[in-house]
Each structure stands twice: as structure tokens, then as C-alpha cells.
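# A look at the structure
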Amino acid sequence: MTRKVGRIRDVAREAGLSTATISRVMNGAGNVSPETRKRVLDACSKLNYLPHPAARALSTAKTRTIAAIIPTIEHSIYAKYIAAIEQVLADRGYSLVLAISGADEESELQDARKLLGMGAQAFILSGGAHSPDLVALLGERGVPFVFTSIWDADSDAPIVGYDNGALAARAVAYLAGKGHRDVAVLHGPIAESDRTSARRSGAMEAAGDAMNLRFIETSLDVEGGRRAVETLFAERRDATAILCFSDILALGGYFALTHLGLSAPDDVSIMGFDNLDWSASIVPGLTTIDLPARLMGANVGAQLVDHLEEGAPIVSTELDGAIVERGSVAALIA
């Protein structure tokens, strides 16, 4: 038998409170005592009352929805990041809506327009390079937004992320400390990512004249890494280490070495970037840069909710990564 669904005035009568108080509790208002909140929730449970989301959004002009636009969902670094955002939002009574832009500014702009039409109250945007039209659109609407996965102390917009250039420089310095002077650097398309561009610049600055870096641009997937390493060894074999600006590319490099009858680190050292979940499980374990993806997602989610709920300022926050040493990088014998 279908259980009868109560109405808000029924809940008010059951709890002995006004309908305005019931609405404040349902909308997550902070000026409600724990005792009152419990009375309301108990009455809602008893009467099987659930507020209609669309009606609540119309009456409060708040959808309790935050949008994130990311370039891809295919890499697990984004999965960790998005999962952290969603958990924080769910804990605070908010929902996350996600769009995939394919690293295309026009697609990102169109996605933003659609998400605004759905009532998104704030936006999380990957990287710092976006269409001026997108930034203007959000500014005109008074919709807060945050850039992530990058760091720029001079940015006018709030940023929660890490210094890609500094982390790439740290990776190059690590390889130099192991005695490597000839290093092939694999990366995805520069034109599609300011994060990749920053890593390239940081690596070049760290190398200076003391190291020979050979940059190889390829598609940002396992096949791209495999193809790049096979091409590298077909053309020249003087590189003693391969630095990949993504663990995904490093995995492709592992496959290429196996196909060539070679191995890491006996024939060449390989270092990654991301510390994806599987990087500790492959053989040998991949030495890589651990990125604070989960911490970043939790931070940006919490800051946006605090801003929407309490008017708290969104504070630009620089997070740090770390080198995770495993077995894929060998020290050269002098």
C-alpha cells in the first residue's frame, strides 16, 4: 500500500511550529537550533514529507548545486578530485553537476551557459586559461568561481591548486641528483593545457645548461606514451631517463619497453606525474609526483559552500605535491 505523503502544513502542525520554521530547516538555514531541527526532521519522517527540489529552488532562488567543468573523466586523477568535491558537497546538502569540455574553450562556454540555466550557484574550473567570455558571463551573473589544478599568485580569480612548474622542476632535480643528464620528457598537447605548459617551463628552467632535455609531445593516453617511447628508442638511445608529465604516459612507456625487450630501470629510468592509484602496483613501482587531488577537491568544495552559505571569502590556496620514490628510477654509476 502506498504511504500517504504529508504536506508542509501537516509537518508544521505535527511539530508544533510555523511553516516558516519548517522551510528554514528544509532549506538548510543556520539560524535553527538543533532541538528545533530534530523536531522538524522527526515530523517529516513520520509524515513522509519531502520538499520538492524544484519548488524549493523557485521559492529560495537557491538550487544548492555547484558545477564543475573538467577536460576529461578518462584519467583517475580527475576521478579522485571529483569524488572529494562530491563528498564535501553531499555532507553539506549540496549537489555536484559535472560537464566535460574536452579542453575546448568554446565547449566550456556552452557548458557553462547550460549549467547556469540549470541553476548552478558556483563553478569549479580546471586550470587558469579560459575564454574571456566565460569569465565575463560568470562575473555579470554574480556567480562565484574557482580555478583549480594550477597556481598563480597574481591571479585576479581565486585559485586552489599547486605549482605545476615548481613540481616539474623538482622532478628534474631529482633525476639530476640520481646522475641523469640526458632525459626525454613526454607530455600531452601544450595547446590544450596550461598545466602542461607550466610543467614544461619549470623543467626547462631546472635543467639549465647542465642537462639535455628532449621534449616529446604526444596524445595524453596510454597509446601516446607507448608510441612516443618506441619512437624515441628507434631514433636514438642516449636518454638515460624518461620523465612523463602524466602517469598515463608512463604506463604506455612501460608497455613500449616490454615490446622492445627492455625494462625499467635496468635499461632506462621512468618517472611519472600524478601518483595514480595503480602506480604503486605495476612492476617496478612507478616513481612519481604525488598531486594533492583529493585535498584540492575537498578544499574547493568546502570554500564554495562556506561562501554561498555564510558569505565567507574564497581564499586562494596553494597546495604542495611530493616525490614518491619507488623502483622505476635507478641511480647512474659515476
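Heads up: the structure comes first, above all this text.
The structure contained in this document is the topic of the report that follows. (Residues numbered from 1 in each chain as written. Predicted model: local features only at pLDDT ≥ 70, side-chain atom pairs only at ≥ 80, totals over all residues. Heavy atoms only, no water.)

### With respect to the pairing of strand β1 (residues 65–70)
- Most of β1 is tucked away, with six of its six residues classed as buried.
- Burial along β1 is two-sided: the face carrying Thr65, Ala67 and Ile69 and the face carrying Ile66, Ala68 and Ile70 are both buried.
- Pairing between β1 and strand β2 (residues 95–100): six bridges, direction parallel. Its bridge partner lying in β2, alanine 67 is registered against valine 97.
- What joins β1 to β2 is helix α5 (residues 76–91), and the crossover it makes is right-handed. (Buried < 20%, exposed > 50% of the residue type's maximum accessible area, 1.4 Å probe, protein only. Helix = DSSP H or I, 4+ residues; strand = E, 2+ residues; numbered from the N terminus. Pairing = 2+ DSSP bridges. Right-handed = clockwise from strand over helix to strand, strands pointing away.)

### With respect to helix α3 (residues 34–47)
- Here α3 contains 14 residues, and its C-alpha end-to-end distance of 20 Å stays within 8% of the 20 Å for a straight helix at 1.5 Å per residue.
- Listing the buried residues of α3 in full gives Thr36, Val40, Ala43 and Cys44. Axial view of α3: buried residues confined to an arc of 100 degrees, hence all on one face. Of the exposed residues in α3, those oriented more than 90 degrees away from the buried face are Pro34, Glu35, Lys38, Ser45 and Lys46.
- Here the buried face of α3 lies against α1 (8–15) and α2 (19–26). (Expected span 1.5 Å × (residues − 1). Arc of directions from axis to C-beta. Contact = heavy atoms within 4.5 Å.)

### Focus on the sheet that holds strand β5 (residues 159–162)
- The strand order across the open sheet built from six strands is β2-β1-β3-β4-β5-β11, with neighbouring strands paired in parallel fashion. Since the sheet does not close on itself, it has two edges, and those belong to β2 and β11 (317–319), each with one partner. On average, adjacent strands in this sheet sit at an angle of 15 degrees to one another, irrespective of strand direction.
- Bridge analysis of β5 against β11 gives three bridges, and the strand direction is parallel. Of the residues in β11, the one forming a bridge with valine 160 is threonine 317. (Axes fitted to C-alpha atoms, helices over the stretch in contact; angles between N-to-C directions.)

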